[in-house]
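Chain residues, written in single-letter form:
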Amino acid sequence: MAIKKTEAIVLKSIKSGETSKIVTVYSQASGVIKFIAKGSRSIKSRHWGCLEPLNYILLHYYEKPNRDLHFLSQVDIIQSFRDIRKDLNKTAFALAICEILIKTQYPAESSAILFKAVIESFSAINETKFSPINNFLGFLLRFIDLAGFHPDLQQCLNCHRTVENEAVYFDSAAGGILCGHCVLHETSILISARGLRYLNWLRKASQAEISRFQIPEDILQESEKALLAYLNFHIEGLEKLNTLDFMLRIR
Ligand SMILES: [Zn+2]
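None of these values were measured; they are calculated from a predicted model.

Cut-offs used in this document
Residues numbered from 1 in each chain as written. Predicted model: local features only at pLDDT ≥ 70, side-chain atom pairs only at ≥ 80, totals over all residues. Pairing = 2+ DSSP bridges. Helix = DSSP H or I, 4+ residues; strand = E, 2+ residues; numbered from the N terminus. Axes fitted to C-alpha atoms, helices over the stretch in contact; angles between N-to-C directions. Contact = placed C-beta atoms within 7 Å.

S.K.: How would you explain the sheet that holds strand β2 (residues 20-27) if you had to name every residue and give the values?
M.R.: Pairing is mixed in the closed barrel, where five strands are placed in the order β1-β2-β3-β5-β4. On average, adjacent strands in this sheet sit at an angle of 45 degrees to one another, irrespective of strand direction. Relative to strand β3 (residues 31-37), β2 runs antiparallel, the two being bridged by seven bridges. Looking at β3, one finds that V23 is bridged to F35. Relative to the sheet, helix α2 (residues 88-104) contacts β1 (2-16), β2 and β3, its axis offset from that of β1 by approximately 110 degrees.

S.K.: Go over the sheet that holds strand β7 (residues 176-178), please, and point to the residues and values.
M.R.: Reading across from one edge, β7-β6-β8 is the order of the three strands in this open sheet, with antiparallel pairing throughout. Edge positions in the open sheet fall to β7 and β8 (189-191), since each of these has one partner strand only. Each strand axis lies, on average, 40 degrees off the axis of its neighbour in the sheet, ignoring direction. Of the strand pairs in this sheet, strand β6 (residues 168-171) and β7 are connected by three bridges, and their pairing is antiparallel. The residue of β7 that forms the bridge with F170 is I177. Strand contacts of helix α7 (residues 217-234): β6 and β8, with the helix running at about 140 degrees to β8, the strand carrying the most contacts.

Put into structure tokens, the structure is as follows:
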């Protein structure tokens, strides 16, 4: 068995037997990987506390060829995002990113750009003094673009008119926005002119920039509704994000 080394984010960690864990990570080198960490739940283990969800780690593991469960060799924490863990709201949005990765990414399907987007989003959620939903929406739009479903947010898909200072309709089936004259589907979601300007800004802004602004709640809500509907429509397996359902219940 070859030893492999990669940076990774811990997505999920479940108990196995008396003292072990089965850990799912999103790795920079090989996409989603699962491995067994023997004895890691024992307080004497040198890996104790390293394999909690959201940790950014440097992972060494024994790769079992043609198997989907590997073995942990060694792990070191690069960043544990303490300020995310202290805040329930931040934790929910960071875990929602983990849930999207678990449901959509496959072993050996790695993307250095997506990995970087995850790390930047977690760092920004960790540091922001404002609502972390802003960073989550920034990640969501980046994820949709990287998955190849890049919605045009500047022109009406039907009449090709540039729409800047008016309310539009976000249409998942059509794959972008439609103006008030061209809207057809009942499923279209109304986005205010301010909401549309926000989405266009969000697409260009870095996560560090996104954290510096407090966005009005009504704009965040309409944008969240539109982006989640778009994601659900185009990417299989994302009909329901349990983490966000939980969040809605406690909001
Ligand atoms: Zn139009």
